[in-house]
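# Residue-level structural notes
Here is how the chains run, residue by residue.
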Amino acid sequence: MHSVPEEKLLKGKPVSEHVYNRLGEQLSFLKSNNVTPKLTVILVGEDPASQVYVRRKGKACEKLGILSETITLPAETSEETLLARIQELNTDDSNHGILVQLPLPSHIDENRVIRAINPAKDVDCFHPQNVGLLVSGNPYVLPCTPAGIMEMLDYYNIPTSGKHVVVAGRSNIVGKPMANLLVQKNNRANATVTVVHSRTQNMAELTKQADILIAAIGKPRFFTAEHISNGTVVVDVGINRIDADTEKGYKLVGDVDLDSVSTLVEKITPVPGGVGPMTIAMLMQNTVLAAAAQENVVFP
Ligand code: GUN
């Protein structure tokens, strides 16, 4: 239970439904061109959270009529073996998207794996070529979680143009690409962006200046009333498992202490049920876009 009034919550579900409806139309168009997109997800090892995410990705494909395959490899799989599997998928014309679930076991070089993925099939937007296209304002696909956050802000009519957005966290998956999307010169971005992180001095001084705070540091309930000014829109990207007296023995909390900030925030995304559903919706979007690009289908 938390004390945030319902009308302050920015829920992901209606936004992901909106994206799925749009995708339904694009998928029908692809089908009329005899194209059915296919996504292959590779999971190395048995990280329980990764297993949950990978299962959800497969289910989302099924719901939309996107073909999907999950390749599960043991934790001790060699980098060489993994690279060989990626190479097979790179040249398999029936497969349009390749997603290697991160994190990988520590004996595997994540960067080498990402660089091995055919950029045309890189539905995560992790390959340096696609990161470069993103930064230079001419993206192939958009990084899933940041793109999902942009969709949410758009859906809930929260403008970013000219606003001060503070991005907390500098990961390659969320923080860095998020800052990059927001700073772009286009009608959906145009923000003034500050990135804060674990080495930032006077963190609260900066976050208090935010019109929009995007919390993506992976520390349970880190941001409290001391970090936030009245009227801030808060996007909580954290999905942290903490011990709890539940059936599973844990519960999920965000990077923001909801109880502490509930009276201050203008709007806030809940955890779970906020940004989470958006990441997978945007992955589906990227799979559709990658399939269209590879099959030379242009949407009307
Ligand atoms: N691990 C956590 N988030 C992601 C993601 O968006 N893509 C991949 N491949 N791995 C992840």
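All values reported here derive from a predicted model rather than from experimental measurement.

Moving on, we come to the overall build of the protein. Counting secondary structure elements, the protein contains 10 helices and 10 strands. Taking 300 residues into account, the globule formula puts the C-alpha radius of gyration at 19 Å, and the protein, at 19 Å, falls close to it. Judged by the C-alpha coordinates and their principal axes, the protein covers about 50 × 45 × 35 Å. Burial statistics for the protein: of 300 residues in total, 48% are counted as buried. Sequence-distant contacts in the protein: of pairs separated by 6 or more residues, those separated by 24 or more amount to 71%. Accessible surface, the protein as shown: approximately 14,400 Å² in total, 49% of it carbon and sulfur.

One face of the sheet, then the other: side chains in a regular strand alternate in exactly this way. Residues Ile 212 and Ile 214 line one face of strand β6 (residues 212-215) and the alternating positions Leu 213 and Ala 215 line the opposite face, and both faces are buried. When strand β4 (residues 164-168) meets β6, the two strands line up parallel, connected through 4 bridges. Directly across from Val 167, in β6, lies its bridge partner Ile 214. Pairing geometry for β6 and strand β7 (residues 233-236), over 4 bridges, is parallel.

It is worth spelling out the environment of Thr 70 at this point. Assignment of secondary structure puts Thr 70 in strand β2 (residues 67-73). Taking the C-alpha atoms as reference points, Thr 70 and Val 41, separated by 29 residues in sequence, lie 4.8 Å from one another. With sequence-adjacent residues up to four places away left out, Thr 70 is seen in contact with Val 41 and Val 54.

Assignment of secondary structure puts Leu 104 in the loop between β3 (97-100) and α4 (110-116). Between the C-alpha atoms of Leu 104 and Lys 251, which are 147 residues apart in sequence, the distance is 24 Å. Residues in contact with Leu 104, not counting those within four places in the same chain, are Val 44, Leu 82, Glu 110 and Val 113.

Time to look at the sheet that holds strand β10 (residues 267-268). Taken together, 5 strands build an open sheet; the order of strands is β5-β4-β6-β7-β10 and the sheet is parallel. Two strands bound the open sheet, and with one partner strand each, they are β5 (192-196) and β10. Examined bridge by bridge, β7 and β10 share 2 bridges and lie parallel to one another. For Val 234, the partnering residue across the bridge sits in β10 and is Ile 268. Helix α7 (residues 175-183) rests against β4, β5 and β6 of the sheet, and its axis sits at about 165° to β4.

Right, let's talk about the site of the ligand for a bit. Inspection of the region around the ligand gives Leu 99, Val 100, Gln 101, Leu 102, Asp 124 and Phe 126 as its neighbouring residues. One of the backbone nitrogen or oxygen atoms of Val 100 is found 2.9 Å away from a nitrogen atom of the ligand. Within the side chain of Gln 101, a nitrogen or oxygen atom sits 3.3 Å from a nitrogen atom of the ligand. Across the complex, the protein chains shield 83% of the 280 Å² of accessible surface that the ligand would expose by itself. Per-class residue counts for the shell around the ligand are 4 nonpolar, 1 polar and 1 charged.

Cut-offs applied
Residues numbered from 1 in each chain as written. Predicted model: local features only at pLDDT ≥ 70, side-chain atom pairs only at ≥ 80, totals over all residues. Heavy atoms only, no water. Helix = DSSP H or I, 4+ residues; strand = E, 2+ residues; numbered from the N terminus. Rg over C-alpha atoms; globule rule 2.2 N^0.38 Å. Buried < 20%, exposed > 50% of the residue type's maximum accessible area, 1.4 Å probe, protein only. Contact = heavy atoms within 4.5 Å. Areas by Shrake-Rupley, 256 points an atom, 1.4 Å probe, with all protein chains shown as cover. Pairing = 2+ DSSP bridges. Axes fitted to C-alpha atoms, helices over the stretch in contact; angles between N-to-C directions. Near = heavy atom within 4 Å. Polar contact = N/O pair within 3.5 Å; in protein donor to acceptor, adjacent residues only side chain to side chain. Nonpolar A, V, L, I, M, F, W, Y, C, P; charged D, E, K, R; others polar.

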